[in-house]
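Observations on the three-dimensional arrangement
Listed here are the chains, written in short residue letters.
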Amino acid sequence: ENLSVNMSFEEAKQILQMEDGGTSLYDHLSQVLLKVITEKPSDAVTSFENLSIGVKGEKVSLPPAPDSSGAATGPVLEWSTSSAALFKKPDEAPEGVPGPDLVADANLYEWAGVSFGKTETYRLYLSIKKFCETLDAGYVAVKFWGKVTARNGDYYVCYGRTPEDPEDMDHSAMEGKDGANKYTYFVTKSPSEPWVALPNVTMAQIVTAGKIRRLLTGDLEAGVPSYPPFPGSEKNLLRAMIARITADCSVAPAGTFEADDEGVIEPVKNDDGDVDPPKKECEELLSKDAWAHYELRLNTLGRCTKLPEPEDADDYEPPEGDEVPEPLGGCGEAEDGSDDWSMRPCPGGAGMTAGSYAKAVSLTWPGAFAVAGGKSFVNVYVGNGLPYSTTTYTPPLPAAICGEWKDEAQEEEGAEIEPGTFPMEGKDLTTDPTPPAEEEDE
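Read on for an overview of the structure. (Residues numbered from 1 in each chain as written. Predicted model: local features only at pLDDT ≥ 70, side-chain atom pairs only at ≥ 80, totals over all residues. Heavy atoms only, no water.)

This paragraph deals with a nonpolar patch on the surface. On the surface, L16, L25, L29, L33 and F48 cluster together into a nonpolar patch covering about 390 Å² of accessible area. When residues of the nonpolar patch are assigned to their parent elements, the largest contribution, 3 residues, is made by helix α3 (residues 25-39). Of the residues examined, L33 reaches a relative accessible area of 48% and is grouped as partly exposed. (Patch = residues over 30% accessible without salt bridge, like charges linked within 9 Å, V, L, I, M, F, W, Y side chains within 5 Å. Areas by Shrake-Rupley, 256 points an atom, 1.4 Å probe, with all protein chains shown as cover. Salt bridge = Lys/Arg side-chain N within 4 Å of Asp/Glu carboxyl O. Helix = DSSP H or I, 4+ residues; strand = E, 2+ residues; numbered from the N terminus. Buried < 20%, exposed > 50% of the residue type's maximum accessible area, 1.4 Å probe, protein only.)

Shown next as structure tokens:
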């Protein structure tokens, strides 16, 4: 009753709950009383102080919370700001072209052992989606190609159909949209950075890329020191790598594509004009005969089509190697007779079921995979852009040394050239190069 006259219970409780050093007397007494009830000592009054000391010793002192005032600065703030731009919705409905369903395709990539991580995959999906909104309808659709690793930042690659050939294109030096430049490829080093279009690839770049082995630096404008000399910068070398990998590793279940009389490869469609590939079971796809290349292969000249004949050549003979590879070729053996592909179930062993997927692993290009099951299939590449080699790389030998100098007069007379005969310096002029002017007759 005296407590109710001078102070209310709630006021007294507030005084006991005042914290001192991170704890309050109210909480401490509550823990001591709980300990008395739990342990039930025989003399609670005498052992109360010891119980209080024990409670204080059991209390864990937490370290102070870290200062979060500067956490979102520097690279963290830059990454967050750039990522936030990917989630921004446009004010108006964009046009553009369709993009890939990368989130769904990533599930198939994982069966091949390829994963960019959930966060990075979604950021990459948003980046490609925003990029597709800026493209012309001539690109038809954009697909994800893969990633090429470099020494200083990797290249993500996507592609779309080339709308039209350049006006000043030399058809004898490069192919158009019916050959190796059928697609236009775009690269970026981060989903937050803009996508950059790679230039068209030439025959010389494809052939030279097959003779050298060089890791990319991560700078598209960097030079390519090599022998034989590569005609272009790193962006041209990257484009040549992509052309070679695409020609060798674009495989799909047989019957998914068909070729017309002119060799043009298109997806199989039903009577309504919709793409309708046949359904394939996993067990069927474990055979190499069940797969086919749906992109034209490159010949030794770096082309998918024949060289155009010169207009002013009556007796034109095509150069050696100017053959057109057969469309929709199977996954047979490599040129050296070794296996070019390995087919495996996903999952394999006891986990294999009728709904399992089959993956095709390229043994020539490490990092190239194809996964198929039912009516769906995907291709993806993640590697350094170099083919597998059983030997250590050795630069090719230089060209043959030129022959000895021959005197034109001796060549005309048919005389033999004596060994050790070299060009000699001509005789000095003894005439005055500035003769005096002639006197005019009066």
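Once you've had a look at it, read on.
Before going further, it helps to spend a moment on the sheet that holds strand β10 (residues 357-362). The strand order across the open sheet built from 8 strands is β4-β3-β2-β1-β12-β11-β10-β9, with neighbouring strands paired in mixed fashion. Pairing within the sheet leaves two strands with one partner each, and these edge strands are β4 (196-197) and β9 (341-346). Bridge count for strand β2 (residues 155-161) against strand β3 (residues 183-188) is 6 bridges, and the pairing is antiparallel. Each residue of the ladder has a partner; that of V157, found in β3, is V187. (Pairing = 2+ DSSP bridges.)

In this structure, R239 sits in helix α9 (residues 234-249). Of the side chains with opposite charge, E175 comes closest to the buried, unpaired R239, at an N-O distance of 8.9 Å. (Lys, Arg positive; Asp, Glu negative; His and termini not counted.)

The next point concerns the layout of surface pockets. There is about 1100 Å³ of room inside the second largest pocket. Contributing to the lining of the second largest pocket are 43 residues, with K143, Y159, F257, Y294 and F377 lying nearest its centre. Contributing elements (two or more residues each) for the lining of the second largest pocket: α6 (102-111), β1 (142-148), β2, β3, α9, β7 (265-267), β11 (368-373) and β12 (376-383). Looking at side-chain class alone, the lining of the second largest pocket contains 27 nonpolar, 7 polar and 9 charged residues. (1 Å grid on protein atoms, 1.4 Å probe; cavity = no way out; pocket = protein on both sides within 12 Å on 5 of 7 lines; lining within 4 Å. Points joined across faces, edges and corners; volume = space filled by probe spheres on them. Nonpolar A, V, L, I, M, F, W, Y, C, P; charged D, E, K, R; others polar.)

As a packed pair, helix α5 (residues 75-86) and helix α7 (residues 118-132) sit with axes 9 Å apart at the nearest point and diverge in direction by 55 degrees. Of the possible angle classes, the one that applies to α5 and α7 is oblique. Classified by chirality, the crossing of α7 by α5 is left-handed. Contacts from W79, S83, A85 and L86 of α5 reach α7 at R123, L126, S127 and K130. (Axes fitted to C-alpha atoms, helices over the stretch in contact; angles between N-to-C directions. Parallel < 35°, antiparallel > 145°, perpendicular 65-115°, else oblique. Left-handed = near helix turned anticlockwise from the far one by under 90°. Contact = heavy atoms within 4.5 Å.)

All told, the structure shown has 16 aromatic pairs when counted by the stated rule. Geometrically, the ring pair formed by W111 and Y357 is tilted, given 6.3 Å between the ring centres and 35 degrees between the ring planes. In this pair, W111 is assigned in helix α6 and Y357 in strand β10, connecting sequence segments 246 residues apart. Residue classification places W111 among the partly exposed positions, given a relative accessible area of 37%. Their ring planes at 75 degrees and their centres at 5.0 Å tell us that Y159 and Y183 sit as a pair that is edge-to-face. Separated by 24 residues along the polypeptide, Y159 in strand β2 and Y183 in strand β3 bring together distant segments of the chain. Exposure class is identical for Y159 and Y183. Each is buried. One aromatic cluster is present, formed by Y109, F116, F144 and Y156 through successive ring pairs. (Phe/Tyr/Trp six-rings, centres within 6.5 Å; stacked < 30°, edge-to-face > 60°.)

Here we take up the pattern of salt bridges. Counting across every chain of the model gives 10 salt bridges. A salt bridge links E110 to K118; the shortest N-O distance between them is 3.6 Å. Where K147 meets D154, a salt bridge forms, and the shortest distance between an N and an O atom there is 3.8 Å. For D154, a relative accessible area of 24% gives the class partly exposed.

With that settled, the discussion passes to the nonpolar core. For soluble globular proteins, the rule of thumb is that nonpolar side chains tend to be buried together. If you look at the biggest cluster of nonpolar residues, it comprises 43 residues, and the most contacted ones within it are W145, Y185, L216, L237, L238 and W291. Taken together, the elements giving at least two residues each to this core come down to β1, β2, β3, α8 (203-209), α9, β9, β10 and β11. Residues in contact with L216, not counting those within four places in the same chain, are V148, T149, A150, R151, Y155, E234, L237, L238 and M241. (Core = buried A, V, L, I, M, F, W, Y, C linked by side-chain atoms within 4.5 Å.)

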